[in-house]
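Residue-level structural notes
Here is how the chains run, residue by residue.
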Protein chains: 2
Amino acid sequence: MVTSARRGPYVCGIDAALDVVSGKWKGLILWELEAHGVRRFAELRRGLPGVSEKMLTQHLREMEADQLVVRTVYAEVPPRVEYTLTGHGRALNAALDPLGRWGMERIRREQPELVDHADAAAMPRP
Amino acid sequence: MVTSARRGPYVCGIDAALDVVSGKWKGLILWELEAHGVRRFAELRRGLPGVSEKMLTQHLREMEADQLVVRTVYAEVPPRVEYTLTGHGRALNAALDPLGRWGMERIRREQPELVDHADAAAMPRP
DNA sequence: GAGGGCACTTACCGCAAGGTACGTACCCCA
DNA sequence: TGGGGTACGTACCTTGCGGTAAGTGCCCTC
């Protein structure tokens, strides 16, 4: 497996948090699970346009190892796997909220033409 | 210069914020400037053990382009350059605070042996 | 019986982030 | 006269993140 041996000694909490959130799709996965509560693999893939199956499984496994999501396998045919946030995952999402607001502010002052088309101010986070 | 052309169209505020914070030393630089108010290049380098001069200048230039820090050059000999946070930088630091607390919590539950030696609970962030 | 969905796994590849090393121009101190 | 400090710039190299493509086993539908 890939699963790089991260989790080095962190110098501060920001380090420890960014280590968990870094990764191209981690933030979107968190948001998708927060918004829908429970999602299957194919649903997540459809919800994250552009993600490859490899990266999605890889990120999900890392987040499972980091205790952000729980992975429930149902012994059915065709296979069914469901992903949900843990308490830690929901807490992380809550901690990311102010950062998301700051980012929206940044988008608004740097690329105002991208904001109005989908009334981003009304959307909570993404 | 390196200065990769980032700032692509972001799908959510988290994207826009993480794009600015990602980079191995960005968080530490923010914290160092928040803690000391104003810092010279060599002071920052001493405050971030292990950083190379190349990465420090590169990150500082990117953060200057992102309007997180201001760079003040004094025409003296030997040269003197001072870095300070802008309002946006201080706002970003404030937005990072909950994330840092979450990360401290994660460290505390995964590597409790690393916490007590420097009474990290007393330190606000790093 | 061909095609498509599900939930992956494996192999391979490219590129950018980050590290190392050295050079610059000037100064101060021993 | 040599060593060290200040604030970088540049060239080269390695690592690994992320992307692409193909294969797997089973099932359902057309």
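Residues numbered from 1 in each chain as written. Chains lettered and ligands numbered in written order. Predicted model: local features only at pLDDT ≥ 70, side-chain atom pairs only at ≥ 80, totals over all residues.

Per an unreviewed UniProt entry, chain A goes by the name Transcriptional regulator and belongs to Isoptericola cucumis.

**Comments concerning unusual backbone geometry**
Residues and elements named next belong to chain A. For the record, the criterion: Each helix corresponds to a stretch of at least 4 residues labelled H or I by DSSP, and each strand to a stretch of at least 2 residues labelled E; elements are numbered beginning at the N terminus.
Between V77 and P78 the backbone carries a cis peptide bond, its omega angle lying at 5°. Unusually for a residue other than glycine, Q67 sits at a positive phi of about 60°. Of note, Q67 is situated in the loop between α4 (53–65) and β2 (69–74).

**Some remarks on the interface of chain A and chain B**
Applicable threshold: In this description, a residue-residue contact is defined by the distance between C-beta atoms placed from the backbone, which must lie within 7 Å. Residue classes follow a fixed rule: Ala, Val, Leu, Ile, Met, Phe, Trp, Tyr, Cys and Pro count as nonpolar, while Asp, Glu, Lys and Arg count as charged, and any other residue, Gly among them, counts as polar.
Taken residue by residue, the interface counts 31 residues in chain A and 31 residues in chain B. Elements represented by at least two residues in the side of chain A that touches chain B include exactly α1 (13–21), α2 (26–36) and α5 (87–110) of chain A. Looking at the side of chain A that touches chain B, its residues break down into 22 nonpolar, 5 polar and 4 charged.

**Describing the packing of α1 of chain A against helix α5 (residues 87–110) of chain B**
So the rule is basically this: Inter-axis angles, ranging from 0 to 180 degrees, are taken between N-to-C directions of lines fitted to C-alpha atoms, where helices are fitted over the stretch in contact. Any angle that is under 35 degrees is reported as roughly parallel, and any over 145 degrees as roughly antiparallel; angles of 65 to 115 degrees are reported as roughly perpendicular and all others as oblique.
Following both chains from N to C, one finds α1 of chain A and α5 of chain B inclined at 90°, their axes separated by 7 Å at the closest point. Taken together, the axes of α1 of chain A and α5 of chain B lie roughly perpendicular to each other. When α1 of chain A is examined against α5 of chain B, the residues G13, I14, D15, A16 and A17 of chain A are found in contact with a partner set consisting of L96, L99, G100, R101, W102, G103, M104, R106 and I107 of chain B. Grouping the constituent residues of the contact of α1 of chain A with α5 of chain B by class yields 8 nonpolar, 3 polar and 3 charged.

**Quick look at the UniProt feature "domain: HTH hxlR-type" (unreviewed entry) in chain A**
Under the convention used in this document: UniProt positions are given in the numbering used here, feature names are shortened, and annotations may be inferred rather than shown by experiment.
Within the UniProt annotation, "domain: HTH hxlR-type" (unreviewed entry) is assigned to residues 12–111 of chain A. Between the end C-alpha atoms of residues 12–111 of chain A the distance is 32 Å, and the span holds 64% helix and 15% strand.

**Focus on the nonpolar core**
Here is the rule we go by: Take the buried Ala, Val, Leu, Ile, Met, Phe, Trp, Tyr and Cys residues, join any whose C-beta atoms are within 7 Å, and the set you get is a nonpolar core. The burial label depends on the number of other C-beta atoms within 10 Å of a residue's C-beta. Counts of 20 or more mean buried, 12 or fewer mean exposed, and intermediate counts mean partly exposed, with C-beta atoms placed from the backbone.
Judged by nonpolar contacts, the single largest core of 54 residues is most densely connected at A17, V69 and L99 of chain A together with A17, V69 and L99 of chain B. Not counting chain neighbours up to four residues away, the residues in contact with V69 of chain A comprise L33, L60, M63, E64, Y83, T84, L85, T86 and G89 of chain A.

**Quick notes on the sheet that holds strand β3 (residues 80–85) of chain A**
Residue and element names in this part refer to chain A. Just so we agree on the cut-off: For two strands to pair, DSSP has to find at least two bridges joining them.
In space, the 3 strands of this open sheet follow the order β1-β3-β2, with antiparallel pairing throughout. Pairing within the sheet leaves two strands with one partner each, and these edge strands are β1 (38–40) and β2. Each adjacent strand pair in this sheet contributes to an overall mean axis angle of 25°, direction not counted. Relative to β3, β1 is paired through 3 bridges, and the arrangement is antiparallel. Its bridge partner being in β3, V38 is matched across the sheet by T84. Against the sheet, α4 contacts β2 and β3, and its axis sits at roughly 115° relative to β2.

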